[in-house]
Structures are given as structure tokens and as C-alpha cells.
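# Summary of the model geometry
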Amino acid sequence: MNIAAFEDKLLHSSGQNFDELALELFRWQAANNPVYREYLGLLDVSPINVDSVEEIPMLPVEAFTLRDVKTGSWKEETTFLSSGTTGTVPARHAVRSIGWYHQIAQRC
């Protein structure tokens, strides 16, 4: 998957092809994100057998407190932290491009 092309596809999507885009992104993440791939292995989920958005396993928030959840090698522009609960480690969400984050948030 070419990330720039996929980002462009997301920005120009009418939303009617949401399921198709979500499944494409799921399969790419399953193949290229080591944390997510490990999680799917623990669940014994094969991406080939996932046929609908409802079947896509969601990575638990605890994964974001224990590991760096990133696909590929890049330096984040910023990191969002959860508020956490008293005495717990906050979840971390690395953001590769704050500009892209703002663009897609406004588009949604």
C-alpha cells in the first residue's frame, strides 16, 4: 500500500466505500504493524478470514500503555496522551503528521 495514495483516497472518499477502505487498512495494519499482528496472533485471527468491518478486532487501549503502536519507522511530530486513571500509565498515541491529523479530522 502506498500511504500517500491511501491518505488521498481517504480525503476524497464520499464515505460510501467506508467498509472497503476499512478492510484495506485493516489488512495492511495486520501485515505491517508488529503490535497489531502479534495481537491478532494471540486471538488466532487470520486477516484473510475477516470479511466485514464488524469482524475487525480492535486493539485494546492497554496496548497503547505498554508498547509503541506504530506502523513503519517514522518520528512522530507529537504524541497524544490519555488522561489515564489515578495511578495508571497513560495511553500514548504517536502522530506522524499533525497536519494530516487535522485535515482528516476536519474532513470527518
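Not measured: the values here are computed from a predicted model.

## Examining the layout of surface pockets
Taken as a whole, the largest pocket holds about 1400 Å³ of empty space. Around the largest pocket, the lining comprises 37 residues; the ones closest to its centre are Phe 6, Leu 10, Leu 25, Gln 29 and His 93. At the level of secondary structure, the elements contributing two or more residues to the lining of the largest pocket comprise α1 (3-11), α2 (18-32), β2 (92-95) and α5 (98-107). At 7 residues, α2 tops the list of elements feeding residues into the lining of the largest pocket. Considering only residue class, the lining of the largest pocket consists of 25 nonpolar, 8 polar and 4 charged.

## With respect to the packing of α1 against α5
The contact between α1 and α5 brings their axes to 10 Å, and the two run at 25°. The angle between the axes of α1 and α5 places the two elements in the roughly parallel class. The segment α1 lies against α5, with Glu 7, Leu 10 and Leu 11 engaging Trp 100, Gln 103, Ile 104 and Arg 107. Tallied by class, residues from the contact of α1 with α5 come to 4 nonpolar, 1 polar and 2 charged.

## A short note on the environment of Leu 11
One can find Leu 11 in helix α1. In this structure the C-alpha to C-alpha distance between Leu 11 and Trp 100, which are 89 residues apart in sequence, comes to 9.6 Å. The contact partners of Leu 11, leaving out residues within four places of it in the chain, are Trp 100, Gln 103, Ile 104 and Arg 107.

## Focus on the packing of aromatic side chains
Applying the stated rule across the entire model yields 3 aromatic pairs. One Lys or Arg, Lys 70, reaches over the ring of Trp 74 and ends 4.5 Å from the middle of that ring.

## Overview of the side chain of Asn 33
Looking at where Asn 33 falls in the secondary structure, it is placed in the loop between α2 and α3 (34-43). By relative accessible area, Asn 33 is classed as buried at 3%. Within the structure, the side chain of Asn 33 is placed 3.0 Å from the backbone nitrogen of Val 35, a separation counted as a polar contact. A polar atom in the side chain of Asn 33 sits 3.4 Å from the backbone oxygen of Lys 70. Once residues within four sequence positions are removed from consideration, Asn 33 is found in contact with Val 69, Lys 70 and Thr 71.

Rules of the game
- The residue count restarts for each chain, going from 1 along the sequence in the order it is written.
- Where totals are concerned, whole chains, interfaces and linings use all residues; where local detail is concerned, this predicted model gives features only for residues with pLDDT of at least 70, and gives and counts side-chain atom pairs only at 80 or more.
- Heavy atoms from the whole structure form the basis of all side-chain values; hydrogens and water molecules are not counted.
- Definitions used for this entry: grid spacing 1 Å over protein atoms alone; cavity, a set of points where a 1.4 Å probe fits but cannot get out; pocket, an open set with protein on both sides within 12 Å along at least 5 of 7 lines; lining residue, one with an atom within 4 Å of a point.
- Grid points are joined across faces, edges and corners, and a volume is the space filled by probe spheres set on the points.
- Numbering of helices and strands starts at the N terminus; helices are DSSP runs of H or I of at least 4 residues and strands are runs of E of at least 2.
- Residues are sorted three ways: Asp, Glu, Lys and Arg are charged, Ala, Val, Leu, Ile, Met, Phe, Trp, Tyr, Cys and Pro are nonpolar, and all the rest, Gly among them, are polar.
- For every element, the axis is a line fit to its C-alpha atoms; helices are fit only across the contacting stretch, and the angle between N-to-C directions ranges from 0 to 180 degrees.
- Here is the rule for angles: anything less than 35 degrees is roughly parallel, anything more than 145 is roughly antiparallel, 65 through 115 is roughly perpendicular, and the remaining ranges are oblique.
- By definition in these notes, contact holds between two residues if any of their heavy atoms fall within 4.5 Å.
- Paired rings are identified among Phe, Tyr and Trp, the last through its six-membered ring, by centres lying within 6.5 Å, and are further divided according to the angle between planes into stacked (under 30 degrees), edge-to-face (over 60) and tilted (the rest).
- Note on geometry: a ring has a charge over it if NZ (lysine) or CZ (arginine) is within 6 Å of the ring centre and within 35 degrees of the ring normal.
- Only protein chains enter the area calculation, which uses a 1.4 Å probe; residues under 20% of their type maximum are buried, those over 50% are exposed, and those in between are partly exposed.
- Definition of a polar contact: a pair of N or O atoms within 3.5 Å, with one able to donate and the other able to accept a hydrogen when the atoms are protein atoms, and with sequence-neighbouring residues admitted only if both atoms are side-chain atoms.

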